[in-house]
Amino acid sequence: MTITHDTVDVLIIGAGASGAVMAWSLADTRMRILCLEQGDWMKPTDYPANGRDWEARRMTDWEIHPSRRARETDYPVNDDNSVMKVANFCGVGGGTVFWTAHFPRLHPSDFRVKSLDGVAEDWPISYWDLAPWFEQNDRFFGVAGLPGDPGVPDRNPPMPPVPLGRTGAAYARAMNRLGWHWWPSDIAIATEEYEGRAKCINLGHCTPGCAQGAKSGADITYWPAAIRAGVELRTRCRVREITTNDQGMASGVIYYDFEGNEHFQPAEVVILACNGVGTPRILLNSTSGRFPNGLANSSGLVGRNLMLHPWPQVRGYVEEEMDADRGPMTSIWSKQFYETDPSRGFLRGYTLQFARGTGPVTEAVQGAAAGAIPWGPGHHAAFRRHFAHRLVVGIACDDLPEEHNRVTLDPVLTDSHGIPAPKIDYTLSANTAAMMEHGIARATEILEATGATGITTSRTLLNSPGHLLGTCRMGTDPERSVVNPWGRSHDVKNLFIVDGSIWVTGGGVNPTSTIQALALYIADQMKQRLATLFD
Amino acid sequence: MHPDDTGLTATEARDLRRLAGFMIPADPAFGVPGADDPAIIQDVIATLRRDTADVKLALAALAELAGGSFADLDDAAAEAVAMRLLAENAKPVLVLGRVVLSAYYRDDRVVRSLGREPGAPFPRGHVMPPTDWSLLDPVKTREPFWRKA
Ligand SMILES: Cc1cc2nc3c(=O)[nH]c(=O)nc-3n(C[C@H](O)[C@H](O)[C@H](O)COP(=O)(O)OP(=O)(O)OC[C@H]3O[C@@H](n4cnc5c(N)ncnc54)[C@H](O)[C@@H]3O)c2cc1C
């Protein structure tokens, strides 16, 4: 039996980075807003940093891969046919619970790749359309950084940057020696008390939840404010499909609660915020006589153009002691190779992201797996040469859209409710491969300039940054895009998409700052058009 | 806790302990116990949980290489068999390595030998050295170089 609820004005699916922003921003319309989220509220007391097994949990119930983490609230993903793996988190706050909080923005050039470099497509909006929303989001979310970076447009982070530490200073000296740009990263971590949030105490190990509450997340910023403003958030509700009426408009969703009961939730407006994998999955599962290939899919582009940000890492070891697991994981970025220079043999570019080290368990596990830390009598000496001596430079490569990189429905795999799971097909283009090799060579030069030895490279497989983008891209042409320039589906006029799936190109940065600015922009566009929203 | 309660048989638990001693031997020079130390091996076994199946597979491979009970081999034979198993890059062996290392490197004695205080990161946290922001001076002299668009 299906349980049917009263109609809401706005139904948001997914309580992650973008869903939270929408809920908060639309709350001032006084509409009845409901969000359905398949995961739970997280408790800071449950985060790994509270226990002695903090590192081991990163490899079990805090695994970044949903199939290996396999919580009741996760859905499996088949990425066997992809050179990169998926990473995500399902819960209130979504990926901003389990993330590193590095908070760069896309560059102005990222929105104009066709005009500037003749590749992919231009976005239908510009950096400057988002500029006020970037600023608002930085203030609300709480971002630490330093103004004046010559590598990016001006911005005004409200808190001072995270400390360089020994590791950051070693990178900085090397970059100065090479004459290359670096700057303290924008990071969504409270470096001083901020809007009721405690200041960072350098626990390290920030990614799987911050026990101190200093790392920002949608669960501790936008959600409390949205709920105070009257938004309802129902957890452990997994949406199976979006339903449509005779006019081809979205009529609501069918979802399962935690006991497996089926519900129908009618809605006037449906907003998808389930990320670049979860959103196309729901649309492809929402088939009907009128929409046999899935909802909002007349272009055939739902699920296509998946971008995952290839992220090689180059690692080395120095003589002097470094920060290891102390302090926020990243401290500086470099934009030296971000903008296109065709003489490099590829178009577009990358951010270099400089990481601290790891705790002892992680160093030992990775070192043993790589054969750098042997078993037997030589173990202890080798471990001590590695632990707290590690430097790692990540190369955040621009990812351009290719239609064959895509999310489809797996014919066999399902989640615990029997809903078909996503399947990922993804390969690297020749341009990306050339960009990666260029970045690896530069990162190697940087590590050599620090005096590091034992330099090794990990190319793609293990370095899944959890950036899930592009699978319902925005545009003006309904044949070449899924949503219009303000997030409304071309096909279904009361259906909106606001997460990373609407990105047109990937850029060479972590995406969440831009995802949230874009969601704020779309919410504002919707509010300005309330009387004509479905025209 | 009885080993059987964790999913390992008594034989498997015995083999695991002997193997752990070869993986990470005690070393007085560093003041550290081996991974076959009773407290460490108890921690390994008590926290196997979702890794139990892989660890059992790895131990089955170990018994096969040993041609019977690994724990009963003499030292030289046991060491040779242990090193043959550990040289394999099969997933169960990597999982076994991970669970042993996870317990070993959170043991108080081992953590202290690294000059660190044992325990959870929260709420203690860490103090970072002060930042010398003059390192940024050369970068500050650069003109903006992001592409206007
Ligand atoms: C380990 C890791 C580290 C990261 N580090 C960074 C970083 O340093 N900087 C950065 O910018 N980004 C980082 N990211 C990426 C960041 O988390 C994402 O960019 C961001 O969270 C995406 O926002 P979103 O709104 O698109 O989706 P998400 O935040 O992923 O939210 C989607 C939500 O939808 C819910 N959902 C999905 N399907 C359904 C369904 N059928 N029914 C109900 N609910 C559903 C999910 O449970 C989830 O909570 C990281 C990600 C990971 C996994």
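Whatever comes next refers back to the structure up there.
Quick caveat, the model's predicted, so the values are computed rather than measured.

1. Let's talk about the packing of aromatic side chains
Any two aromatic rings considered together are summarised by their centre-to-centre distance and by the angle between their planes. Tallied over the entire structure, the rule returns 25 aromatic pairs over all chains. With centroids separated by 4.7 Å and ring planes inclined at 75°, the aromatic side chains of Y127 of chain A and W128 of chain A adopt a geometry described as edge-to-face. Of the residues examined, Y127 of chain A reaches a relative accessible area of 2% and is grouped as buried. Overall, the relative accessible area of 43% leaves W128 of chain A in the partly exposed class. An aromatic cluster of three or more residues is present, and its members are F111, W123, Y127, W128, F134 and W503 of chain A together with W146 of chain B.

2. Looking at the sheet that holds strand β16 (residues 453-458) of chain A
Residues and elements named next belong to chain A. Within the open sheet, the 6 strands sit side by side as β5-β11-β12-β13-β10-β16. Their pairing is antiparallel. For this open sheet the edge positions go to β5 (183-184) and β16, each flanked by a neighbour on one side alone. As defined by bridge partners, β5 adjoins strand β11 (residues 330-334) across 2 bridges and the pair is classed as antiparallel. For W183, the partnering residue across the bridge sits in β11 and is W333. Set on the sheet, helix α11 (residues 430-450) makes contact with β10 (313-317), β12 (350-355), β13 (390-397) and β16; between it and β13 the angle comes to about 155°.

3. Regarding the environment of I201 of chain A
All names here are of chain A. With respect to the helices and strands, I201 occurs in the loop between β5 and α7 (222-228). Among the residues examined, I201 registers a relative accessible area of 23% and is labelled partly exposed. As for I201 and T191, which are separated by 10 residues in sequence, their C-alpha atoms are 8.4 Å apart.

4. So, the sheet that holds strand β15 (residues 420-426) of chain A
Residues and elements named next belong to chain A. Reading across from one edge, β4-β15-β14 is the order of the 3 strands in this open sheet, with mixed pairing throughout. Edge positions in the sheet fall to β4 (78-82) and β14 (406-414), since each of these pairs with one other strand and no more. Sheet twist, expressed as the average angle between the axes of neighbouring strands with direction ignored, equals 30°. Here 3 bridges tie β4 to β15, and the two strands are oriented parallel to one another. Note on β15: the bridge partner recorded for N81 is D425. In the packing of helix α8 (residues 275-285) onto the sheet, the strands contacted are β14 and β15, and the crossing angle to β14 comes to about 70°.

5. Quick word on the packing of helix α2 (residues 38-46) of chain B against helix α5 (residues 91-104) of chain B
Think of two packed helices as two axes; the pair is described by the angle between the axes and how far apart they sit. Residues and elements named next belong to chain B. Here α2 crosses α5 at 125°, and the two axes come no closer than 9 Å. On the basis of their axis angle, the class for α2 and α5 is oblique. Considering how the two elements wind past one another, α2 and α5 form a crossing that is right-handed. Across the interface between the two elements, I40, D43 and V44 from α2 touch V99, V100, A103 and Y104 from α5. Partitioned by chemical class, the residues of the contact of α2 with α5 number 6 nonpolar, no polar and 1 charged.

6. Digging into helix α9 (residues 360-369) of chain A
Counting buried positions along α9 of chain A gives 8 out of 10 residues, so the element sits mostly inside the fold. Along α9 of chain A, the positions that sit buried rather than exposed are P360, V361, T362, E363, A364, V365, G367 and A368 of chain A. If you follow the buried residues of α9 of chain A, they end up packed against α2 (54-57), β10, α10 (379-386) and β13 of chain A together with α5 of chain B. Just downstream of α9 of chain A, G371 of chain A is the residue with a positive phi angle, here 80°.

7. Topic: the side chain of T358 of chain A
Structurally, T358 of chain A can be placed in the loop between β12 and α9. Beyond its immediate stretch of four places on either side in the chain, T358 of chain A contacts A324, D325, E363, F387 and R390 of chain A.

8. Here we look at α10 of chain A
Counting buried residues in α10 of chain A gives 6 out of 8 residues, a clear majority hidden from the surface. Residues of α10 of chain A that are buried include every one of H379, H380, A382, F383, R384 and H386 of chain A, and no others. Buried-residue contacts for α10 of chain A involve β10, α9 and β13 of chain A together with α1 (10-23), α5 and α6 (108-113) of chain B.

9. Looking at the site of the ligand
Residue and element names in this part refer to chain A. Near the ligand, the surroundings consist of 38 residues, among which S18, E37, G95, H102 and T512 are the closest. Measuring from an oxygen atom of the ligand, one finds a side-chain N or O atom of S18 at 2.6 Å. A distance of 3.1 Å is found between a nitrogen atom of the ligand and a backbone nitrogen or oxygen belonging to T100. Surface burial for the ligand is 96%, taken as the share of its 990 Å² of free accessible area covered by protein chains. Within the residue set of the shell around the ligand, elements represented by two or more residues are α1 (17-26), β7 (238-244), α8 and α12 (512-528). Grouping the amino acids of the shell around the ligand by side-chain chemistry returns 17 nonpolar, 18 polar and 3 charged.

Criteria and cut-off values
- Residues numbered from 1 in each chain as written.
- Chains lettered and ligands numbered in written order.
- Predicted model: local features only at pLDDT ≥ 70, side-chain atom pairs only at ≥ 80, totals over all residues.
- Heavy atoms only, no water.
- Phe/Tyr/Trp six-rings, centres within 6.5 Å; stacked < 30°, edge-to-face > 60°.
- Buried < 20%, exposed > 50% of the residue type's maximum accessible area, 1.4 Å probe, protein only.
- Pairing = 2+ DSSP bridges.
- Helix = DSSP H or I, 4+ residues; strand = E, 2+ residues; numbered from the N terminus.
- Contact = heavy atoms within 4.5 Å.
- Axes fitted to C-alpha atoms, helices over the stretch in contact; angles between N-to-C directions.
- Parallel < 35°, antiparallel > 145°, perpendicular 65-115°, else oblique.
- Left-handed = near helix turned anticlockwise from the far one by under 90°.
- Nonpolar A, V, L, I, M, F, W, Y, C, P; charged D, E, K, R; others polar.
- Near = heavy atom within 4 Å.
- Polar contact = N/O pair within 3.5 Å; in protein donor to acceptor, adjacent residues only side chain to side chain.
- Areas by Shrake-Rupley, 256 points an atom, 1.4 Å probe, with all protein chains shown as cover.

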